[in-house]
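Notes for the structure review
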Amino acid sequence: MNLTISGHHLEVTPAIREYVKSKLDRVTRRFENVIDISVILSIDTLPEKEKRQKAEINLNLSGKAIHVESMSQDLYAAIDLVIDKLDRTVLKHKGKIKDHSRETIKHIPEPTPSTPV
């Protein structure tokens, strides 16, 4: 699994990097088929001098790509929100790919005839 953490208008400190890694462990424990994860953290400065922190995650699974993003006033809160969204999305995907196959008729044992009373 490849993990890429990058910042846009933001320097990614080791503390932020470790926080993101620890939060992503929850998702990777539930699903083993993760190929790579790309995390983009950014700060948008609006004209009203309000800062908006944004976190995006692109998760590539075998056969599926998942993209989630969230915004908040605090970067750590944005990371928490995006991890929660990603966790729900991965659980939903995992439920969809469950093996729903049934045994063929050839392999089902025949019932034994019961004796009439």
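The rules behind these values
Sequence positions are assigned chain by chain, starting from 1 and proceeding in written order. The predicted nature of this model means local features are confined to residues of pLDDT at least 70 and side-chain atom pairs, given and counted, to a pLDDT of 80 or more, with totals for whole chains, interfaces and linings taken over all residues. Note: side-chain values were computed over all heavy atoms of the structure, leaving out hydrogens and water. Here a helix means four or more residues in a row that DSSP labels H or I, a strand means two or more in a row labelled E, and each is numbered from the N terminus. Between the first and last residue of a helix there are one fewer steps than residues, each counted as 1.5 Å, and that sum is the expected span. What is called the bend at a residue is the angle between a pair of axes, fitted to the seven residues leading up to and ending at it and to the seven starting from it. Three exposure classes are used, based on accessible area relative to the maximum for each residue type with a 1.4 Å probe and protein chains only: buried under 20%, partly exposed in between, and exposed over 50%. Residues are treated as being in contact if the distance between any of their heavy atoms lies within 4.5 Å. Pairing between strands is defined by DSSP: at least two bridges between them are needed. Ring pairs shown here join Phe, Tyr and Trp side chains whose ring centres sit within 6.5 Å, with only the six-membered ring taken for Trp; geometry is labelled stacked below 30 degrees between planes, edge-to-face above 60, and tilted in between. Salt bridge, as used here: a side-chain nitrogen of Lys or Arg that lies within 4 Å of a carboxyl oxygen of Asp or Glu. In this description, a line fitted to the C-alpha atoms serves as the axis of each element, helices being fitted only across the stretch in contact, and the angle between N-to-C directions of two axes falls anywhere from 0 to 180 degrees. Angular relationships are summarised with four words: roughly parallel below 35 degrees, roughly antiparallel beyond 145, roughly perpendicular across 65 to 115, and oblique for the angles in between. Handedness of a crossing follows from how the near helix is turned relative to the far one, being left-handed for an anticlockwise turn of less than a right angle and right-handed for a clockwise one. For this classification, Asp, Glu, Lys and Arg are treated as charged, while Ala, Val, Leu, Ile, Met, Phe, Trp, Tyr, Cys and Pro are nonpolar and the rest, including Gly, are polar.

**So, helix α1 (residues 14-30)**
For α1, spanning 17 residues, the distance from its first C-alpha to its last is 25 Å, which sits close to the expected 24 Å at 1.5 Å a residue. Helix geometry: α1 is bent most strongly at L24, by close to 30°. Buried within α1 we find I16, V20, L24 and V27. Lining the buried residues of α1 we find β1 (2-8), β2 (34-45), β3 (51-61) and α2 (75-96).

**Digging into the pairing of strand β4 (residues 64-72)**
Pairing analysis gives nine bridges linking β3 to β4, with the strands arranged antiparallel. Bridge pairing in β4 places E56 opposite E69. As consecutive antiparallel partners, β3 and β4 are separated by two residues, and within that stretch G63 has a phi angle of approximately 90°, a positive value.

**Focus: the packing of aromatic side chains**
For the structure on display, the rule yields one aromatic pair. A centroid spacing of 4.8 Å and a plane angle of 80° characterise the contact between Y19 and Y76, whose relative ring orientation is edge-to-face. Of the two residues, Y19 sits in helix α1 while Y76 sits in helix α2, which places them 57 residues apart along the sequence.

**Some remarks on the pattern of salt bridges**
For the coordinates displayed, the defined rule picks out four salt bridges. Salt-bridge contacts for R26 lead to D84; the nearest nitrogen and oxygen are separated by 2.7 Å. One end of the pair, R26, is in helix α1; the other, D84, is in helix α2, and 58 residues separate them in sequence. Between R26 and D87 there is a salt bridge; the shortest N-O distance is 3.8 Å. Of the two residues, R26 sits in helix α1 while D87 sits in helix α2, which places them 61 residues apart along the sequence. Taken together, the salt bridges that share partners define one network made up of R26, D84 and D87.

**Structural notes on the packing of α1 against α2**
Their axes nearest at 9 Å, the elements α1 and α2 cross at an angle of 15°. Taken together, the axis directions place α1 and α2 in an arrangement best described as roughly parallel. For the element pair α1 and α2, the recorded crossing hand is right-handed. Between α1 and α2, the residues in contact are A15, I16, Y19, V20, K23, L24, R26, V27 and R30 and L75, Y76, I79, D80, I83, D84, L86, D87, V90, L91 and K94, respectively. For the contact of α1 with α2, a count of residues per class yields 13 nonpolar, no polar and seven charged.

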